[in-house]
Protein chains: 2
Amino acid sequence: MHKPVPNNSLKAACSTCNLRKLCLPVSLSNIEMARLDDLITRKGVYRHGSILYRSGDKFQALYAIRTGFFKTQILNEDGREQVTGFQMAGEIIGMDGISSDAHTCDAVALEDSEVCEIPFSRLEDLGRELPPLQRHLHRILSREIVRDQNIMLLLGSMRAEERLATFLLNLSQRFAVRGYSPTSFQLRMTRHEIGSYLGLKLETVSRALSHLQESKLINVRNRSLEILCLSGLQACMGKRTR
Amino acid sequence: MHKPVPNNSLKAACSTCNLRKLCLPVSLSNIEMARLDDLITRKGVYRHGSILYRSGDKFQALYAIRTGFFKTQILNEDGREQVTGFQMAGEIIGMDGISSDAHTCDAVALEDSEVCEIPFSRLEDLGRELPPLQRHLHRILSREIVRDQNIMLLLGSMRAEERLATFLLNLSQRFAVRGYSPTSFQLRMTRHEIGSYLGLKLETVSRALSHLQESKLINVRNRSLEILCLSGLQACMGKRTR
DNA sequence: CTTATAGCTTGATATATATCAAAATTAACA
DNA sequence: TGTTAATTTTGATATATATCAAGCTATAAG
């Protein structure tokens, strides 16, 4: 299942990366950018199913996703699992590890993926010299906090179909930002993984998808998803029982 | 309900603060510590029910709680509310605001409370000069991420009684760290607020408390809580249906 | 190409929690 | 200190989601 992780690595180049606006929207001079390039290494391909880092691993770096798709999940003592997020190109993962110098979740590739490794203490060093870079790091950390708190809202107060609508609209919007169709995309994760993320059982996810399809809001066939009515989904997201 | 916030403010002194080990466990020289003191202002008392900051407020500072107790909550468009945390002395709040320069939640005092205001851009400035301070800020941000992800686990995979046991043990542990009894304390929040935090209705919270009491794990009378068996609660926390 | 496995859907039923309601208790306030 | 409002508890019932089960489909492996 988990293919070995190749060891080859090459110099990354944020300066010429087409994801820069997503990943690192910071204005730096050429010289400053070169220093950043210097610090970042492009890692080889992580095959589908392989693990970028595991809970308990020593924390040393953040990872910017160049291509592909990941999930992060925590497991507690009694084997309970919670998918804490799905990450795509231009997003940065690994920030959970800073607080205790060890990762607290697993990051697993859901398709063949490439990442850039950003050694954290060197990033901190550079941040001290380049205030815009420092500020950007702080924003990224805070954005993760805000994201997580919105998932708490979802888990704490939404019903199954609303959770799913919220999830699909979130994916849609993130694909759109990356220049892909906001209304037609492939789900990279299983119903079980969606369920874990949304606090639902896979059967409930399946039923909710079927129901959204009956309502003509989406078309879903296996992993292919088409959103037929964005505003309808939005309305569904905000629906309350009373 | 919401008392006006007093405007008087005085110089804070981390250097002599008895919460320093909790709030700022960083080794700095006297001179460095003085520079930090210089940046932090001690705000007047926030009365019970008053608001430290509101969602939408411009983000300018983090706040270290000196005394008292706060809740943070987000409200979405359709009036749904989610309590995202309860914070006590020595903890730092406001980090949600960094990402967009505006707060994304409300912070409300659940009892008369005092805070130290830490202007964020000045903290960043000082962080560039004092690496241990910078590192500490990063740890705090990351710790918040880890905390939130553990709540996601709770909300996504635990049943009512487990959620409550987890919550009570978390409070217990935080009181213990502060030198208070881990087994006997006052709840500062209503059943409704506990329910909002745990993704449950207040009636369910009340029933779960009653049931833990019947099981001789706790004694609860209104807001007074006594834990009779820490290990029993721990066992209850890890209980799964199957 | 065939077979095995993992993933998905749908139905029937069980169950945990929500909802509704009323009474009891506590806290706030005038 | 009396009065009102808020909070809490508990019961009866409703409902959303989980569970169990079976068949189906797609994907991976031999």
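Residues numbered from 1 in each chain as written. Chains lettered and ligands numbered in written order. Predicted model: local features only at pLDDT ≥ 70, side-chain atom pairs only at ≥ 80, totals over all residues. Heavy atoms only, no water.

Participant: How do you make sense of the nonpolar core when you look at a structure like this?
Facilitator: Note that soluble globular proteins tend to have their nonpolar side chains buried in a common cluster. Judged by nonpolar contacts, the single largest core of 70 residues is most densely connected at A:L164, A:F167, A:L168, B:L164, B:F167 and B:L168. The contact partners of A:L164, leaving out residues within four places of it in the chain, are A:I194, A:L198, A:V205, A:A208, A:L209 and A:L212. Counting residues in hydrophobic clusters, the runner-up holds 54 residues, among them A:V26, A:M33, B:C14 and B:L28. (Core = buried A, V, L, I, M, F, W, Y, C linked by side-chain atoms within 4.5 Å. Buried < 20%, exposed > 50% of the residue type's maximum accessible area, 1.4 Å probe, protein only. Contact = heavy atoms within 4.5 Å.)

Participant: Just checking my understanding: could you explain the relation of the copies chain B and chain A for this structure?
Facilitator: One copy of the chain maps onto the other through a rotation about an axis followed by a shift along the same axis. Take chain B, turn it by 180°, move it 0.0 Å along the axis, and it overlays chain A with an RMSD of 0.0 Å. Each copy turns onto its partner about a two-fold axis. Of every C-alpha in chain B, the one belonging to B:R128 sits nearest the axis of rotation, 2.2 Å from it. A shared interface surface links the copies, since 100% of the contact residues of chain B are contact residues in chain A too. (Least-squares fit on C-alpha atoms with pLDDT ≥ 70 in both.)

Participant: What should I look at first to understand the sheet that holds strand β6 (residues 81–88) of chain A in this one?
Facilitator: Strands belonging to one sheet form pairs held by backbone hydrogen bonds; the direction of such a pair is parallel or antiparallel. Pairing is antiparallel in the open sheet, where four strands are placed in the order β3-β8-β5-β6 (chain A). Two strands in the sheet have a free side with no partner beyond their single neighbour: β3 (51–53) and β6 of chain A. Direction aside, the axes of adjacent strands within the sheet are offset by 30° on average. Of the strand pairs in this sheet, strand β5 (residues 69–75) of chain A and β6(A) are connected by seven bridges, and their pairing is antiparallel. Bridge pairing in β6(A) links A:Q73 to A:V83. Set on the sheet, helix α4 (residues 131–157) of chain B makes contact with β5 and β6 of chain A; between it and β6(A) the angle comes to about 120°. (Pairing = 2+ DSSP bridges. Helix = DSSP H or I, 4+ residues; strand = E, 2+ residues; numbered from the N terminus. Axes fitted to C-alpha atoms, helices over the stretch in contact; angles between N-to-C directions.)

Participant: Would you mind showing me how to read helix α6 (residues 191–198) of chain B here?
Facilitator: The periodicity of an α-helix, 3.6 residues per turn, causes residues three or four places apart in sequence to face the same way. Residue and element names in this part refer to chain B. The buried count for α6 comes to six of eight residues, which makes it a mostly enclosed element. The complete set of buried residues in α6 reads E193, I194, G195, S196, Y197 and L198. Lining the buried residues of α6 we find β5 (69–75), β6 (81–88), α4, α5 (160–177) and α7 (202–214). G199 occupies a position one or two residues after α6 and carries a positive phi of about 70°.

Participant: Would you mind showing me how to read unusual backbone geometry here?
Facilitator: For residues besides glycine, phi is generally negative; the peptide bonds are generally trans as well. Within the chain, A:N222 stands out as a residue other than glycine whose phi angle is a positive 55°. Mapping A:N222 onto the fold places it in the loop between β11 (218–221) and β12 (224–227). Take A:N222: its relative accessible area is 54%, and that puts it in the exposed class. Positive phi, close to 60°, is recorded for B:D101, a residue that is not glycine. Relative to the assigned elements, B:D101 resides in the loop between β7 (92–93) and β8 (106–109).

Participant: Please clarify how the interface of chain B and chain A should be interpreted in this entry.
Facilitator: With 50 residues of chain B in contact, the opposing surface of chain A contributes 50 residues. Surface buried jointly by chain B and chain A totals about 4500 Å² across both partners, of which 56% is contributed by carbon and sulfur atoms. A salt bridge links A:R80 to B:E162; its shortest N-O distance comes to 2.6 Å. In this structure, the connection of chain B to chain A is made through 28 residue pairs in polar contact (both at pLDDT 80 or more). Of all the elements in the fold, those that place two or more residues in the side of chain B that touches chain A are β6, α3 (120–129) and α4 of chain B. No other element matches the 21 residues that α4(B) contributes to the side of chain B that touches chain A. The class makeup of the residues in the side of chain B that touches chain A is 16 nonpolar, 19 polar and 15 charged. (Buried area = accessible area lost by both parts, 1.4 Å probe. Salt bridge = Lys/Arg side-chain N within 4 Å of Asp/Glu carboxyl O. Polar contact = N/O pair within 3.5 Å; in protein donor to acceptor, adjacent residues only side chain to side chain. Nonpolar A, V, L, I, M, F, W, Y, C, P; charged D, E, K, R; others polar.)

Participant: Just to check I follow, could you spell out the side chain of A:S50 for this structure?
Facilitator: Residue and element names in this part refer to chain A. Along the chain, the position of S50 falls in the loop between β2 (41–46) and β3. Residue class for S50 comes out buried when judged on its relative accessible area of 0%. Within the structure, S50 has its side chain in polar contact with the backbone oxygen of R47 (distance 2.7 Å).

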